[in-house]
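Observations on the three-dimensional arrangement
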Amino acid sequence: MKSDLNRRTLLKSALALGGAAAVGGPGMSWAQETGRLRATWWGSPDRARRTTDVGKLFTERTGIEIAGEPVGADYWAKIGTQMAGRNIADVFQLEPSSLADYAGRGAAKPMNEFVGKQLDISTFGDKMVDLCRVNDKIFGVALGLNSFSLFYDQTVFDKAGIKPPTHETTWKQFADMAVDLTKAVGRPDYWGAPYGARYHYVFDVWLRQRGKRLYTEDAKLGFTVDDAKEWFSYWEDLRKRNGCVPADVQTLDQNQIERNSLALGKSAMGLTYSNQLIGYQLLTKNKLGITMVPQAGPGAKSGHYYRPALIWSIGSTSKQPDKAAAFISFFVNDLEAGKILGVERGVPMSPKVREAILPSLNEVERATVDYVNLLADKVSDYPPPVPIGAVEFDNNVMRKVADQVAFGQISIADAAQRILEDGNAVLRKVN
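Residues numbered from 1 in each chain as written. Predicted model: local features only at pLDDT ≥ 70, side-chain atom pairs only at ≥ 80, totals over all residues. Heavy atoms only, no water.

**Comments concerning the pairing of strand 1 (residues 36–42)**
Put simply, the test is: With a 1.4 Å probe rolled over the protein chains alone, any residue whose accessible area is under 20% of its type maximum counts as buried; one over 50% counts as exposed, and the rest are partly exposed. Put simply, DSSP marks the helices as runs of H or I at least four residues long and the strands as runs of E at least two long, and each gets a number from the N terminus on. A clockwise course of the path from the first strand over the helix to the second, judged with the strands pointing away from the viewer, identifies a crossover as right-handed. Two strands are said to pair when DSSP picks up at least two bridges between them.
Of all seven residues making up strand 1, six are buried, and the element is well covered by its neighbours. With helix 2 (residues 45–62) bridging strand 1 and the parallel strand 2 (residues 65–71), this β-α-β connection has right-handed handedness. In this sheet, strand 3 (residues 91–94) lies alongside strand 1 in parallel orientation, the contact comprising two bridges. Bridging across to strand 3, A39 finds its partner in V91.

Right, dumping it as structure tokens:
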């Protein structure tokens, strides 16, 4: 994947309105066909509803049935089982931290042969297409653009009389704010912040603010034991100050929106991805706000970069990859499909779809677009592909070690050493 992604070029390509986008690939015939495709993804019930509705629309247009398979917290385990059984869904969902990993494992089929035929991504621009390229092969299509973010409960902040975080809030200010909010609310089961030590993507932002990154290009971890000590110490200090949720609450979060401490009504803030604001807002009557992940201070890098919110890939074992490519093309180009999907999976890549859906966006949806615009002069270049084993590092190393620290089962010094040793042990370079 090319890493020379200029942020201003990116913003123009991803957010400027206008232009044309074909529905389906060039020369694609929408005469009624037959067939059945399996599509699997993770996400909120709202995402499942939107995805299913687009699948029905595709069936109406083409005669090709879409059998949706939404999955919860065991998504990656299911994909692993499908890989072992050579029965991967025709279309399956990935994200930037898993695309290169699963491409390297042979789960995803290269899509180059379908581009310009069943698959039309001509209006995305080369920079956007490159976001899903691994070793010069296209292994997915980005469904939207997003970045990392900090969500906050505006209603709770207002009642507490505390100003909410902004794009200039530092890590120290965030911690003090969380402690003050816990005290102001005064409930024994409510805290200001989540226990963010277990979030690899927030750690990545934190590292990039310091001129480092989570992974190096040679498939190693890009931080030191001292970096890990500082990271765990920050969150342990916040926990001991009663500014963030305890371990038993945080471990409920298994990469599902509805089990995050903010969505559960256990914390006033959450660290997540910008496109998920829609799903979170559906779970609470309180008004939510969005801003940047806490910053290192004036003059430091923001740590943010634009990324594909989510990705559709074609299963390597699909017997109908051409039809799978046609469904993906429909998903990202059809105007009616775009109106159904909105910005729940990020700001659409197609300029024509963006133009079509903007008038119908509600306040929450527009907030996600405004947030992506806010980052225009703050983002850095998109990083190289993550190593094979990145998903295992997240699920079985980062989260596991952070939880052990929070439960008092391991010291910070031992945790810092273990995350480096165990993390590097599961990583290997994408061929």
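Having seen it, we continue.
**Some remarks on the environment of L57**
Relative to the elements of secondary structure, L57 occurs in helix 2. As for L57 and D334, which are separated by 277 residues in sequence, their C-alpha atoms are 9.9 Å apart.

**Details of the sheet that holds strand 12 (residues 311–314)**
For clarity, the threshold we go by: Note on contacts: a residue pair qualifies if any of its non-hydrogen atoms lie within 4.5 Å across the two residues. Axes here mean lines fitted to C-alpha atoms, for a helix over just the part in contact, with angles spanning 0 to 180 degrees between N-to-C directions.
Pairing is mixed across the open sheet formed by five strands, whose spatial order is 2-1-3-12-6. Across the chains shown, the open sheet's two edge strands, defined by having one partner strand only, are strand 2 and strand 6 (141–142). Sheet topology places strand 6 next to strand 12; two bridges connect them, and they run antiparallel. The residue bridging V141 from the neighbouring strand is W312, located in strand 12. Across the face of the sheet, helix 12 (residues 321–333) comes into contact with strand 1, strand 2, strand 3, strand 6 and strand 12 while running at roughly 165 degrees to strand 12.

**Remarks on the confidence of the model for the protein**
Our working definition: Across the chain, each position has a pLDDT score giving the predictor's confidence in that residue, from 0 to 100.
For the protein, mean pLDDT is 90; residues scoring 70 or higher make up 92% of the total. The low-confidence segment residues 1–24 (pLDDT under 50) makes 72 contacts with residues lying over four places distant or belonging to another chain.

**Points about the pattern of salt bridges**
Opposite charge on two side chains allows them to pair when their charged atoms are near. Inclusion rule: The term salt bridge refers to a side-chain nitrogen of Lys or Arg lying within 4 Å of a carboxyl oxygen of Asp or Glu.
For the structure on display, the rule yields 24 salt bridges. Between R38 and E69 there is a salt bridge, with the nearest N and O atoms lying 2.8 Å from each other. Here E69 lies in strand 2 and R38 lies in strand 1, a separation of 31 residues in the sequence. Summarising the burial analysis for this pair, R38 and E69 share the class buried. Salt-bridge contacts for R49 lead to D46; the nearest nitrogen and oxygen are separated by 2.9 Å. Of this pair, R49 and D46 are both found in helix 2, three residues apart, which corresponds to roughly one turn of the helix. Judged by relative accessible area, which is 11%, D46 ranks as buried. What you see here is one network of salt bridges that share partners, running through D46, R49, R50, D53 and E365.

**Looking at the sheet that holds strand 8 (residues 148–153)**
Read across the sheet, three strands follow the order 9-8-10 without closing on themselves; strand pairing throughout is antiparallel. Since the sheet does not close on itself, it has two edges, and those belong to strand 9 (269–273) and strand 10 (288–291), each with one partner. Averaged over all pairs of adjacent strands, the angle between strand axes in this sheet comes to 30 degrees, irrespective of strand direction. Across four bridges, the pairing between strand 8 and strand 10 is antiparallel.

**A look at the side chain of D227**
Spelled out, the test is: For the purposes of these results, a polar contact is taken to be a pair of N or O atoms within 3.5 Å, where, inside protein, one atom must be able to donate a hydrogen and its partner to accept one; residues adjacent in sequence count only when each atom of the pair is a side-chain atom.
In this structure, D227 sits in helix 9 (residues 225–240). Residue classification places D227 among the buried residues on the basis of a relative accessible area of 9%. Side-chain polar atoms of D227 contact the side chain of K212, separated by 2.7 Å. One polar contact links the side chain of D227 to the main-chain amide nitrogen of T224, over a distance of 2.9 Å.

**A few points about the pairing of strand 8**
In terms of burial, strand 8 is a largely internal element, six of the six residues being buried. Burial along strand 8 is two-sided: F148, L150 and Y152 facing one way and S149, F151 and D153 facing the other are all buried. Relative to strand 9, strand 8 runs antiparallel, the two sharing five bridges. Counted as the bridge partner of S149 is T272 from strand 9.

**Things to note about helix 16 (residues 390–406)**
What counts is decided by this rule: Here the expected length of a helix is defined as 1.5 Å per residue gap, with one fewer gap than residues. Here the bend at each residue means the angle between axes fitted to two seven-residue stretches, the one ending at that residue and the one beginning there.
With 17 residues, helix 16 should reach 24 Å at 1.5 Å per residue; the first-to-last C-alpha distance of 22 Å fits that figure. At K400, helix 16 is deflected by roughly 25 degrees, the largest bend along its length. Buried residues dominate helix 16, accounting for 13 of its 17 residues. In the stretch just after helix 16, G408 is the one whose phi turns positive, near 75 degrees.

**A short note on the nonpolar core**
In globular proteins that are soluble, nonpolar side chains generally tend to be buried together. To be explicit about the condition: Put simply, buried Ala, Val, Leu, Ile, Met, Phe, Trp, Tyr and Cys residues joined by side-chain atoms within 4.5 Å make one nonpolar core.
In terms of nonpolar packing, the biggest core is built from 140 residues, with W231, F232, W235 and F393 touching the most fellow members. Here the element with the most residues in this core is helix 16; it accounts for nine residues. What F393 contacts, discounting residues up to four positions off in sequence, is L214, Y215, L221, M398, I419, G423, V426 and L427.

**Here's the deal with the packing of aromatic side chains**
Note the cut-off: Stacked, edge-to-face and tilted are the three classes for Phe, Tyr and Trp ring pairs, Trp counted by its six-membered ring, which pair at centre distances within 6.5 Å; planes under 30 degrees apart are stacked, over 60 edge-to-face, the rest tilted.
Summed over the entire model, instances satisfying the criterion amount to 30 aromatic pairs. A centroid spacing of 4.9 Å and a plane angle of 35 degrees characterise the contact between F203 and W231, whose relative ring orientation is tilted. Taken together, the residues span a long stretch of sequence, with F203 in helix 8 (residues 200–208) and W231 in helix 9 at a distance of 28 residues. Each of the two residues, F203 as well as W231, counts as buried. When the ring of Y305 is compared with that of Y382, the centres are 5.8 Å apart and the planes differ by 80 degrees; the resulting orientation is edge-to-face. Separated by 77 residues along the polypeptide, Y305 in the loop between strand 10 and strand 11 (307–308) and Y382 in the loop between helix 15 (363–374) and helix 16 bring together distant segments of the chain. Exposure remark for Y382: the relative accessible area of 6% places this residue in the buried category.

**What to know about helix 7 (residues 171–185)**
Taking 1.5 Å of rise per residue, the 15 residues of helix 7 would be expected to cover 21 Å, and the 21 Å separating its terminal C-alpha atoms lies within 8% of that figure. Along helix 7, the residues classified as buried are W171, F174, A175, M177, A178, V179, L181 and T182. On the buried face of helix 7, the contacting elements are strand 8, helix 6 (154–160), helix 8, helix 9 and strand 9. Positive phi appears at G186, one or two residues downstream of helix 7, with a value of about 70 degrees.

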